[in-house]
Amino acid sequence: MTPKEKAKKLVDKYKPLSAGFSGGKMNEEFSKQGALIAVDEVIASNTNVTGQTINGDYWQEVKVEIEKL
């Protein structure tokens, strides 16, 4: 899955959670922030003792794509 596809998939997963918020822009922003938090957690959990992140480039690209949405 490309970083762009993964970004969209993650944001889409958060959309149902934002249904109680008013306004489409607010819902989209809530979904993006949730997805960004999830990606940050993946990055943090995949960091080894030397500070290198496993698949770090991929997840950083996913983060960039989320921000573009």
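Along every chain, residues carry numbers that run from 1 in the direction the sequence is written. Under the rules for a predicted model, residues below a pLDDT of 70 receive no local features and side-chain atom pairs below 80 are neither given nor counted, while totals for whole chains, interfaces and linings still include all residues. Here the side-chain values reflect all heavy atoms present in the structure, with hydrogen atoms and water set aside.

Student: What am I meant to see in the nonpolar core here?
Tutor: Generally speaking, soluble globular proteins have nonpolar side chains that are buried together. Among buried residues, the Ala, Val, Leu, Ile, Met, Phe, Trp, Tyr and Cys ones that are joined through side-chain atoms within 4.5 Å form a nonpolar core. Partly exposed describes any residue whose relative accessible area lies between the buried limit of under 20% and the exposed limit of over 50%, with all areas from a 1.4 Å probe on protein chains only and scaled to the type maximum. Counting 10 residues, the largest nonpolar core is built from A7, L10, V11, A35, L36, V39, I43, W59, V62 and I66. For this core, the secondary structure elements donating two or more residues are α1 (3-14), α2 (24-45) and α3 (56-68). Looking at which element gives the most residues to this core, the answer is α2, with 4 residues. Any pair of residues with heavy atoms lying within 4.5 Å of one another is described as a contacting pair. Leave out the neighbours within four places in its chain, and V62 touches P3, K6, A7, L10 and V39. Secondary structure elements are defined from DSSP: runs of H or I of at least 4 residues count as helices, runs of E of at least 2 residues count as strands, and each element is numbered from the N terminus.

Student: Just to check I follow, could you spell out the packing of aromatic side chains for this structure?
Tutor: Ring pairs (aromatic) are described by centroid distance and by the angle formed between their planes. Only rings of Phe, Tyr and Trp enter the pairing, Trp through its six-membered ring, and a pair is recorded when the two centres are within 6.5 Å. The plane angle decides the type: under 30 degrees is stacked, over 60 is edge-to-face, the rest tilted. What the rule picks out here adds up to 1 aromatic pair. Look at Y58 and W59: their rings are 5.2 Å apart centre to centre, the planes differ by 85 degrees, and that puts the pair in the edge-to-face class.

Student: Would you take a moment to explain the environment of A38 for this structure?
Tutor: Of note, A38 is situated in helix α2. When its relative accessible area of 21% is taken as the criterion, A38 is described as partly exposed. As a C-alpha pair, A38 and K63 span 25 residues in sequence and 9.7 Å in three-dimensional space.

Student: Help me understand the pattern of salt bridges in this model?
Tutor: Pairs can form between side chains of opposite charge once their charged atoms are near each other. A side-chain nitrogen of Lys or Arg and a carboxyl oxygen of Asp or Glu constitute a salt bridge if their distance falls within 4 Å. Under the definition given, this model contains 5 salt bridges. With a closest N to O distance of 3.3 Å, K15 and D12 form a salt bridge. Judged by its relative accessible area of 34%, K15 is partly exposed. We classify D12 as partly exposed; its relative accessible area is 31%. With its nearest N and O atoms 3.5 Å apart, the salt bridge here joins E28 to K15. Here E28, found in helix α2, pairs with K15, found in the loop between α1 and α2; they are 13 residues apart in sequence, far enough to count as distant. By relative accessible area, E28 is classed as partly exposed at 26%. Here the residues in one salt-bridge network are K8, D12, K15 and E28, joined through shared partners.

Student: What am I meant to see in α1 here?
Tutor: An α-helix turns once per 3.6 residues; consequently, residues spaced three or four apart project the same way. In a helix, the anticipated span is given by 1.5 Å times the number of residues less one. Counted at 1.5 Å a residue, the expected span for α1 with its 12 residues is 16 Å, and the 17 Å between its end C-alpha atoms agrees. Among all positions of α1, only P3, A7, L10 and V11 are buried. For α1, the arc enclosing every buried residue in end-on projection is 95 degrees, short of the 170-degree limit, so these residues lie on one face. Here the arc refers to the set of directions running from the helix axis out to each C-beta atom.

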